[in-house]
Amino acid sequence: MKKIDRTKLTLGIAAPVLAIVAALLITSVIILATGKDPLHAYAVMVDFGSKSDSQVWIINKAVPYYLSALAVAIGFRMNLFNIGVDGQYRIAAFFAAVVGGALTLPGFLQIPLIIIVAMLVGSVWAGIAGVLKTTRGVSEVITTIMLNSIAAAVIGYFLQEGRLAVKDGNLFHTPDLPASSHFFTIPTQPDPLDGFLVVAAVVGVAYWFVLGRTRFGFDLRTVGRSESAAQAGGVSVKRMVITSMLLSGAAAGLIGMPTLLGVSYNYGTDFPVGIGFTGIAIALLGRNHPLGMAAGALLWGFLERTGTQLEFEDYEQEIVGVMQGVIVLCVVIAYEVVRRYGLRIQQRKVGEELAAQARKTDKAEVSA
């Protein structure tokens, strides 16, 4: 048993180490190809990223990225590819902003109401794909991509003056939320941390507990690995598909809340987009594990923050995007290589045990 545990531990460490080394080597070659010094680039990134204002910025940026990764990971654990997280969080934030801007309630009622509206809208929007998959057999990839476009069209239609938006210069946005809707912050120097960091941590713990420590989570993971086996065990596959899409959409509804309740206080044409697609990369990077995705979200924020400084050092502005892509590819490939190597070790061990058992049987028959 101790030998098996050491082997698993070694393989578990080997995968991220291999991914980091490969990513650094490939990125260094790419930077060298542009005629720049990769070591200087890394030194600039570490120096700028270690400053206190950069650390606060990175953490605040990582919060929506982490929530996005959690929303994607719920689908991944069910073997569903919810590529529509981007549309789900945008339409959820839009209608939450509309409701929040139309009401003026005490903060302890206003803020939960806005969050609940966002989660419900995101859940319903994702649930459409789940229903189509279970009733018509339509791939969730196709439906969620289409729903992204439909969400953008719906927002574009209502986000006009005289409908659900007001004009402010060249921008259109929903009516501003009242002061009671402003989320709390955590005082730090030189800037405060977004209070939604606490919500993200709670959601991460809930994700870990529900999917890893409950019967529901076991059923969900079982369906993701083998629908036939799950069905034979009495699990309703259709119900689990719809439920997982609803949960994924509800988590997606939280993605826009840090911006809505802590930065913009309305939904406008300048509201952040593309976070849902970033969540896919971070979920892959973190291997659907809450701590791994948290590290991935912080890494993504670090790269975006320090990438701006590289431009002042005369490095190509696209280098950060290249780094992000290389890191994700290296992580996926490294974990797959290590997984196959571990499987080969297990097969070899089983073969040796079976051969040893066969030899003992032959000796027993000869003695008899």
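An unreviewed UniProt entry lists the protein chain under the name ABC transporter permease, with Streptomyces ochraceiscleroticus as the source organism. The heading Subcellular location (unreviewed entry) in the UniProt record of the protein chain holds the text "Cell membrane".

Caption draft 1: How the structure looks around the pattern of salt bridges. Evaluated as defined, the whole model comprises 8 salt bridges. Lys133 serves as the salt-bridge partner of Glu140, at 3.1 Å between the closest nitrogen and oxygen. By relative accessible area, which is 26% here, Lys133 ends up partly exposed. For Glu336, the salt bridge identified is with Arg340, shortest N-O distance 2.9 Å. In this pair, Glu336 and Arg340 are both assigned in helix 14 (residues 319–367), 4 residues apart and thus about one turn of the helix distant. Each of the salt bridges in this network shares a partner with another, and the network as a whole consists of Glu336, Arg339 and Arg340.

Caption draft 2: Seen up close, the UniProt feature "transmembrane region" (unreviewed entry) in the protein chain. The UniProt record marks residues 12–35, 55–76, 88–105, 111–132, 141–159, 193–211, 246–267 and 319–338 with the feature "transmembrane region" (unreviewed entry), using the residue numbering of this structure. In the segment residues 88–105, helix accounts for 83% and strand for 0%; the C-alpha atoms at its two ends are 26 Å apart. The distance from the first to the last C-alpha atom of residues 319–338 is 28 Å, and the span holds 100% helix and 0% strand.

Caption draft 3: The arrangement of the domain arrangement of the protein chain in detail. For the protein chain, the assigned domains read domain 1 (1–36 + 319–353) and domain 2 (60–314). Interface area, domain 1 with domain 2, both sides summed: about 990 Å², of which 77% is carbon and sulfur. Three residues stand out in domain 1 for area buried against domain 2, namely Val320, Gln324 and Val328, and they jointly supply 43% of the buried area on that side. As a salt-bridge pair, Lys36 and Asp314 come within 3.2 Å of each other at their nearest N and O atoms. Put simply, domain 1 and domain 2 have 1 residue pair in polar contact (both at pLDDT 80 or more) between them. Here the residues of the side of domain 1 that touches domain 2 are counted per class, giving 8 nonpolar, 1 polar and 1 charged.

Conventions used here
- Residues numbered from 1 in each chain as written.
- Predicted model: local features only at pLDDT ≥ 70, side-chain atom pairs only at ≥ 80, totals over all residues.
- Heavy atoms only, no water.
- UniProt positions renumbered as here; feature names shortened; annotations may be inferred.
- Salt bridge = Lys/Arg side-chain N within 4 Å of Asp/Glu carboxyl O.
- Buried < 20%, exposed > 50% of the residue type's maximum accessible area, 1.4 Å probe, protein only.
- Helix = DSSP H or I, 4+ residues; strand = E, 2+ residues; numbered from the N terminus.
- Domains from an automatic or database assignment.
- Buried area = accessible area lost by both parts, 1.4 Å probe.
- Polar contact = N/O pair within 3.5 Å; in protein donor to acceptor, adjacent residues only side chain to side chain.
- Nonpolar A, V, L, I, M, F, W, Y, C, P; charged D, E, K, R; others polar.

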